[in-house]
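Structural overview for review
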Amino acid sequence: MKYKMVVADADGTLLNDKKEITVATKNSIEKFRDKGGIFTLATGRGILSATPYINELNIDVPVILFNGCMIYNPVDKKILFEKYLSDDLYKLTANLWQEGRYNVDILVYSIDGIFVNKISDFIKSYMAIEHVKCDIVDDLSSLNKIIKVLFRGNSKTSLKLVDEIRQLSDEPFTCVQSDEFFIEILPYGVTKGSALVKLCNILDIDIKSVVAIGDQDNDREMILKAGCGVAMGNADDSIKNSANYIAKSNLEDGVSDILEKVINEEI
């Protein structure tokens, strides 16, 4: 096969809208592995919420988590790469949100868990769907070693908050949209694309022999850096314009279709 490794986003890509991996996709992954291929994930999820899917697919190579802030080996449970927001930048972000001028939810991610200021209806739904627990902290600015911050709500409102953070911060940071309602703040220079380069170095794989599949703005960099960048059929046009190939949607087993094409050397 021309391509030795396939890296797939989870939500909106590998998973259907019920957060399931279909039988067809599982079968194609196994078929690709039987041919000597490597399959792994690049997701905005953390260790806890990604682990059920890692286990379901028996992934035995490192995965990219937190939108590139972490590379994690699920076999020995070791973190191979990690990067955090600076304390000053995080405290500025938390304090601005806590002023209450922006009507969006906030989720703060660290290795120790996910922290929120209150359990809103969205947070209840999020915990149920993602099978994670969010812990309440009265003063979010008291936290440290934060990997990323997620704002959930009207994306225009979230981006206004991000603009104010940029204006007040002495430090640059990365901002990505990972869902219609999700805007995330990440450490500067961290993307799924930068993590993919590191992962290829760890596995000693030429990035030109990698297929990267995604559907959102946070997938753009890895789609651009991979030997073959694939946008899902349910992706926005801007993501499709960044890709070499357009797959079927996540409701049509798009990842399975791409894997079969890789196996048959049709792409």
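What you are looking at is a predicted structure, and each value in this text was computed from that prediction instead of being measured. Within each chain, residues carry numbers counting from 1 in the order of the written sequence. Residue-level local features of this predicted model are given only where pLDDT is at least 70; pairs of side-chain atoms are given and counted only at 80 or more, and the full residue set underlies all totals for whole chains, interfaces and linings. With hydrogens and water set aside, each side-chain value is computed from the structure's full complement of heavy atoms.

**Structural notes on the sheet that holds strand β4 (residues 70–73)**
Strand pairing is assigned whenever DSSP detects at least two bridges linking the two strands. Numbering of helices and strands runs from the N terminus, with a helix taken as a DSSP run of H or I at least four residues long and a strand as a DSSP run of E at least two residues long. As summarised here, the arrangement of the three strands in space is β3-β4-β5, forming an open sheet in which the pairing is antiparallel. Since the sheet does not close on itself, it has two edges, and those belong to β3 (63–65) and β5 (78–82), each with one partner. For this sheet, the mean inter-axis angle between neighbouring strands, taken without regard to orientation, is 30°. Fitted lines through C-alpha atoms give the axes, limited to the stretch in contact for helices. The angle between two N-to-C directions lies from 0 to 180 degrees.

**Some points on the packing of helix α1 (residues 23–34) against helix α9 (residues 254–263)**
In contact at an axis separation of 8 Å, α1 and α9 are set at 25° when each is read in the N-to-C sense. Classed by the angle they form, the pair α1 and α9 counts as roughly parallel. In this structure, α1 meets α9 at a crossing whose hand is left-handed. Residues A24, T25, S28, I29, K31 and F32 of α1 lie in contact with α9, whose contacting residues are V255, S256, L259, E260, V262 and I263. Residue polarity follows a fixed list, in which Ala, Val, Leu, Ile, Met, Phe, Trp, Tyr, Cys and Pro are nonpolar, Asp, Glu, Lys and Arg are charged, and the others, Gly among them, are polar. Residue composition of the contact of α1 with α9, grouped by class: seven nonpolar, three polar and two charged. In this scheme, roughly parallel covers angles under 35 degrees and roughly antiparallel covers those over 145, while 65 to 115 is roughly perpendicular and the rest are oblique. For a crossing to be left-handed, the near helix must be turned anticlockwise from the far one by less than a right angle; the clockwise case is right-handed. The contact criterion used is simple: two residues touch if any of their non-hydrogen atoms lie within 4.5 Å.

**Overview of empty space enclosed by the protein**
Here the idea is plain: a probe the size of a water molecule rolls over the atoms and shows the empty space left. A cavity, in this analysis, means grid points on a 1 Å lattice covering only the protein atoms where a 1.4 Å probe fits yet has no way out; a pocket is instead an open set bounded by protein on both sides within 12 Å along at least five of seven lines, and a residue lines either one if it has an atom within 4 Å of a point. Grid points are joined across faces, edges and corners, and a volume is the space filled by probe spheres set on the points. Within this structure, the stated rule accounts for one cavity of 30 Å³ or more. Reported here for the largest cavity is a volume of approximately 50 Å³. Every residue along the wall of the largest cavity is listed here: T13, L14, N16, E20, T22, T25, S249, N250, D253, G254, V255 and S256. Per-element accounting of the lining of the largest cavity gives the leading share, three residues, to α9.

**Let's talk about the nonpolar core**
Note that soluble globular proteins tend to have their nonpolar side chains buried in a common cluster. What is meant by a nonpolar core is a set of buried Ala, Val, Leu, Ile, Met, Phe, Trp, Tyr and Cys residues, joined one to another through side-chain atoms within 4.5 Å. Here the term buried applies to any residue with accessible area under 20% of the maximum for its type, exposed to any over 50%, and partly exposed to those in between, with areas from a 1.4 Å probe on protein chains only. Membership of the largest hydrophobic core comes to 51 residues, with the highest contact counts inside it found for L14, F39, L107 and V211. If you tally residues by element for this core, the top one is α9, at five residues. Not counting the four nearest positions on each side in its chain, L14 is found in contact with D9, E20, I21, T25, I29, F39, L41, L57 and V255. Judged by nonpolar contacts, the second largest core, of 23 residues, contains V104, V162, F173 and I183.

**Topic: the domain arrangement of the protein**
One widely used convention gives an interface's size as the accessible area the parts lose upon coming together. A domain assignment, automatic or from a database, supplies the domain bounds used here. Annotation of the protein at the domain level lists domain 1 (5–82 + 190–264) and domain 2 (87–186). The partner domain 2 presents 16 residues to the 16 residues of domain 1 that form the contact. When two parts are brought into contact, each loses some accessible area as probed by a 1.4 Å sphere; the total of that loss over both is the buried area. Of the roughly 1300 Å² buried between domain 1 and domain 2, counting both surfaces, carbon and sulfur atoms make up 61%. Salt bridge, as used here: a side-chain nitrogen of Lys or Arg that lies within 4 Å of a carboxyl oxygen of Asp or Glu. If you look at where domain 1 meets domain 2, you find zero salt bridges. We call two N or O atoms a polar contact when they sit within 3.5 Å, provided that within protein one can donate a hydrogen and the other can accept it, with sequence-adjacent residues counted only if both atoms are side-chain atoms. Seen at the junction of domain 1 and domain 2, the total is four residue pairs in polar contact (both at pLDDT 80 or more).

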